[in-house]
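Architecture and fold: a report
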Amino acid sequence: MTITRYRNRNWLSPWNELDQMSRRLNRLFGEPGLSEPEATSWIPAVNVEETNDELILTADLPGLTQKDVEIAFENGVLTIRGQKEELGDANGEDRRYHMSERWSGSFQRSFTLPRTVSVNDISATFEHGVLHVHMPKAAESKGRTIQIRSAS
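Notes on the structure follow.

Moving on: unusual backbone geometry. In this structure, N75 takes a positive phi of about 50 degrees despite not being glycine. Mapped onto the fold, N75 is located in the loop between β4 (69-74) and β5 (77-84). Assessed through its relative accessible area of 73%, N75 is described here as exposed. In this structure, H128 takes a positive phi of about 55 degrees despite not being glycine. Looking at where H128 falls in the secondary structure, it is placed in the loop between β7 (123-127) and β8 (130-136).

Shown next, in the form of structure tokens:
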């Protein structure tokens, strides 16, 4: 069983890949003056595991609470989105950063789920900045052993 990453792309645009590469390079080298939302977004690390009974998606979301995260399912696609606020100006103090490596801003991750997932039974827990999404397999998708009886 495979789970595929959903990418909402305009496949008709021949420049899409070049634009995406340019955005990644700008984000990597911190090009000043970027106004695109993607320039300030971050991508949380995600693991997807499979057991005999379910798929488990685990996302690291440090500094967030469950109120900051939204999970949606539509047309076979599971989407996790949220917002991590920057804490720098919270007290109204005038601050200058000498180094800033902590990510803030919005994020969104989408995954196309296999048909074997029982969508009505998907559940999620959030504890200590780690999101766990449990996606049980439908009963008919689980393997079973078939007994062989003698013909007589």
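After presenting the structure, the write-up continues.
Within the secondary structure, S110 is located in strand β6 (residues 105-112). Reaching out from S110, the side chain makes a polar contact with the side chain of T79 at a distance of 3.1 Å.

Tallying each qualifying case throughout the model produces two salt bridges. Across the pair K137 and E50 runs a salt bridge whose closest N-O atoms are separated by 2.8 Å. Within this pair, whereas K137 is found in the segment after β8, its partner E50 is found in strand β2 (residues 46-50), the two being separated by 87 residues in sequence. For E70, the salt bridge identified is with R81, shortest N-O distance 3.0 Å. Of the two residues, E70 is situated in strand β4 and R81 in strand β5; the sequence distance between them amounts to eleven residues. On the basis of relative accessibility, which here comes to 42%, the residue E70 falls in the partly exposed class.

Cut-off values and rules
- Residues numbered from 1 in each chain as written.
- Predicted model: local features only at pLDDT ≥ 70, side-chain atom pairs only at ≥ 80, totals over all residues.
- Heavy atoms only, no water.
- Helix = DSSP H or I, 4+ residues; strand = E, 2+ residues; numbered from the N terminus.
- Buried < 20%, exposed > 50% of the residue type's maximum accessible area, 1.4 Å probe, protein only.
- Polar contact = N/O pair within 3.5 Å; in protein donor to acceptor, adjacent residues only side chain to side chain.
- Salt bridge = Lys/Arg side-chain N within 4 Å of Asp/Glu carboxyl O.

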